Amino acid sequence: MQLNPVLTGMRPYPFLALDEARKAALASGRELIDFSVGEPHEATDAAIRETLVSAVAERSSYPKAEGLIELKEAISAWCERRYGVVLDPQSEVMPTLGSKEAVFSLPFIAMDPRGKRDTVVVAEPAYPIPERAATLAGARVLRIPLRESNGFLPDLDEVSPPTWARVAIVWVNYPNNPTAAMAPPSFYADLAERADRHGFLVASDEAYSEIYFGEAPASALQVKDRARVAVFNTQSKRSSMTGYRTGFVVGPPELIRGYKLWRPLAGVAIPEFIQRATIRALATEDHVERMREVYAAKRDLFLEFFEGKGIRVAGSKATFYLWCQVPEGETSAGFAARLLDRGVVVAPGSYFGEAGEGYFRVALVPTLEECRRAVEILEEIL
């Protein structure tokens, strides 16, 4: 049979190679401490789990595609408390099956590859889904490198005026995966002004907005004019609910209308018992504060260790990642392979794009005790 040649022609998802290396190491009997994948190991708060269980009805039914109004109101209330932004729950909010679903769907909803605006701008290094979704949707893709010299912010002046005329979507992600950088309010203000001037949509992936170690990160929602701004978030990181697959997109009414048209076709809506658990998660901050304290302890442990070993940490302001420079004379993949041989798994920076070469990412998701064991192992090889 004929498969989609765009799909089959994509280079393999880079983390698949890491998966194979992990499997081989485990098959050889090696014990691994895995810092490569950003999946929290912390327990989901008991009150959230209890709400989930109590919401499971005796007879299940299809969930409504656009989500419970109570959940949309809870999302709106959280955004107002967190950012001081007032939203219309019905027209500006869409619950989603995690944020990945909404991120992947965006170019199919908000771009016409046959029209004048056929280009999607993405960053590099970056989470690969925005670029791959754009490619599958038939878009041209323009990568802008995130350079340490620019605070890992994209230099939007690198985009020429003729190119701006073709841009449909500009993706940004702060706090950033993988660089752990944060964006100042002025960055979002400039981006929103450019969106108004050139006519594109700002797509802001803010999945790590609640993992920080000082001042709370700004949001693209806080710009004066949100007419061309969409924000994507998830409970996966904030509340350690990765397996629940619950997130949301906030955007202008026309975009939300597009998601409402798309959702019944894609057939992915959050089960209502998960929506009820999400409402409970959004109602409180105590479990989020406890989670930040745990990540801060892991972060402090590694920052002190890397400083003592001469490993330069280039990014650590937010997220549960550390973005570190590989030792001189080594490649990111070679360095990661050397650590894997001793049972510590990290992600090579090159897996996030060419601009990530020279760095490696540490996801602080193992337990604090596992982190201490990893430091003992690294003490012997760094």
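For the structure itself, consult the block above.
As the structure is a computational prediction, the values presented were derived from the model and not from experiment. (Residues numbered from 1 in each chain as written. Predicted model: local features only at pLDDT ≥ 70, side-chain atom pairs only at ≥ 80, totals over all residues. Heavy atoms only, no water.)

1. Focus on the overall build of the protein chain
Applicable threshold: What counts as a helix is a DSSP run of H or I of at least four residues, what counts as a strand is a run of E of at least two, and both are numbered from the N terminus. Burial here depends on accessible area, computed with a 1.4 Å probe over protein chains only, as a share of the maximum for the residue type. Under 20% is buried, over 50% is exposed, and the range in between is partly exposed. For this analysis, residues touch if any pair of their heavy atoms sits within 4.5 Å. Positive charges are assigned to Lys and Arg, negative charges to Asp and Glu, while His and the chain termini are left out of the count. Positions of charges follow a simple convention, taking NZ of Lys, CZ of Arg, CG of Asp or CD of Glu.
Scanning the protein chain from N- to C-terminus turns up 15 helices and 13 strands. The dimensions of the protein chain, computed from C-alpha atoms along their principal axes, are 55 × 55 × 50 Å. When each of the 382 residues of the protein chain is scored for burial, the buried share is 53%. Within the protein chain, contacts between residues at least 6 apart in sequence are counted, and of these 75% link residues at least 24 apart. One way to put it: in the protein chain the 44 positive side-chain charges average out to a point 5 Å from where the 51 negative ones average out.

2. What to know about the sheet that holds strand β2 (residues 93–96)
Within a sheet, neighbouring strands are paired by backbone hydrogen bonds and run either parallel or antiparallel to one another. As a reminder of what qualifies: Between any two strands, at least two bridges found by DSSP are needed for them to pair. For every element, the axis is a line fit to its C-alpha atoms; helices are fit only across the contacting stretch, and the angle between N-to-C directions ranges from 0 to 180 degrees.
Pairing is mixed in the open sheet, where seven strands are placed in the order β2-β8-β7-β6-β5-β3-β4. Sheet topology places β2 and β4 (140–145) at the edges, where each strand pairs with a single neighbour. Across the sheet, the mean angle from the axis of one strand to that of its neighbour is 20 degrees, orientation sign disregarded. Pairing between strand β3 (residues 119–124) and strand β5 (residues 167–173): three bridges, direction parallel. In the sheet register, valine 120 faces β5, and the bridge partner there is isoleucine 169. Helix α6 (residues 98–109) rests against β2, β5, β6 (201–205), β7 (229–234) and β8 (247–250) of the sheet, and its axis sits at about 150 degrees to β7. On the sheet, helix α11 (residues 253–266) packs against β2, β6, β7 and β8 and is oriented at approximately 35 degrees with respect to β2.

3. Looking at the environment of valine 249
When you line up the elements, valine 249 lands in strand β8. Remark: the alpha-carbon pair of valine 249 and alanine 333, spanning 84 residues in sequence, is separated by 35 Å. With near-sequence residues (within four places) excluded, valine 249 lies in contact with Glu92, Val93, Met94, Thr96, Ala102, Val231, Phe232, Ile256 and Tyr259.

4. Looking at the layout of surface pockets
How we decide: The distinction between a cavity and a pocket rests on a 1 Å grid over the protein atoms alone: a 1.4 Å probe fits inside a cavity but cannot get out, while a pocket stays open yet meets protein on both sides within 12 Å along at least five of seven lines, and a residue with an atom within 4 Å of a point counts as lining. Grid points are joined across faces, edges and corners, and a volume is the space filled by probe spheres set on the points.
The computed volume of the largest pocket comes to approximately 640 Å³. Forming the boundary of the largest pocket are 24 residues, of which Gly38, Lys100, Tyr127, Tyr208 and Lys237 lie nearest the centre. Of all the elements in the fold, those that place two or more residues in the lining of the largest pocket are α6 and α10 (235–238). Among the elements that make up the lining of the largest pocket, the one with the highest residue count is α6 (three residues). Here the second largest pocket is characterised by a volume of approximately 400 Å³. If you trace the second largest pocket, you find 27 residues lining it, with Val122, Ala123, Tyr127, Pro128 and Glu131 closest to the centre.

5. Concerning the pairing of β4
The criterion, for reference: The crossover handedness rule: strands pointing away from the viewer, path from first strand over the helix to second strand clockwise, crossover right-handed.
As paired elements, β3 and β4 share six bridges and run parallel to each other. The partner of glutamate 124 across the bridge, within β4, is proline 145. In terms of handedness, the path from β3 via helix α7 (residues 129–136) over to β4 forms a crossover that is right-handed.

6. Things to note about the pattern of salt bridges
Filter applied, for reference: Salt bridge criterion: a side-chain nitrogen from Lys or Arg within 4 Å of a carboxyl oxygen from Asp or Glu.
One pass over the full model with this rule turns up 29 salt bridges. Across the salt bridge formed by aspartate 118 and arginine 140, the nearest N and O atoms sit 3.0 Å from each other. On the criterion of sequence distance, the pair formed by aspartate 118 in the loop between α6 and β3 and arginine 140 in strand β4 is long-range, its members being 22 residues apart. On the accessibility criterion, arginine 140 (49% relative accessible area) is partly exposed. Residues joined in a network through salt bridges with shared partners are Asp19, Arg22 and Asp34.

7. Digging into the nonpolar core
Basically, it comes down to this: Put simply, buried Ala, Val, Leu, Ile, Met, Phe, Trp, Tyr and Cys residues joined by side-chain atoms within 4.5 Å make one nonpolar core.
Counting residues in each nonpolar core, the largest one holds 62 residues, and the members touching the most others are Tyr174 and Tyr188. Of the residues forming this core, the biggest block, six residues, is contributed by helix α4 (residues 69–83). Every residue in contact with tyrosine 174, bar those within four places of it in the chain, is listed here: Leu146, Phe152, Leu153, Pro154, Ala181, Met182, Ala183, Phe187, Tyr188, Asp205 and Glu206.

8. Observations concerning the side chain of lysine 237
Positionally, lysine 237 belongs in helix α10. Buried charged residue lysine 237 carries no salt bridge. Nearest counter-charge: aspartate 205, at 7.9 Å. Beyond its immediate stretch of four places on either side in the chain, lysine 237 contacts Gly38, Ala207, Tyr208, Ile211, Met291 and Phe320.

9. Comments concerning the pairing of β5
Counted residue by residue, β5 has seven buried out of seven residues, so it is predominantly covered. In this sheet, β6 lies alongside β5 in parallel orientation, the contact comprising five bridges. Pairing of valine 172 across the sheet is with serine 204, part of β6.

10. Some words on the sheet that holds strand β13 (residues 359–363)
What the four strands build is an open sheet, ordered β9-β10-β13-β12; its pairing is antiparallel. Each of the sheet's edge strands pairs with one partner strand only, and the pair in question is β9 (313–315) and β12 (347–348). Pairing analysis gives five bridges linking strand β10 (residues 321–325) to β13, with the strands arranged antiparallel. Bridging from a neighbouring strand, cysteine 324 pairs with phenylalanine 360 of β13. The strands touched by helix α13 (residues 286–309) within the sheet are β9, β10 and β13, with β10 carrying the most contacts at an inclination of about 10 degrees.

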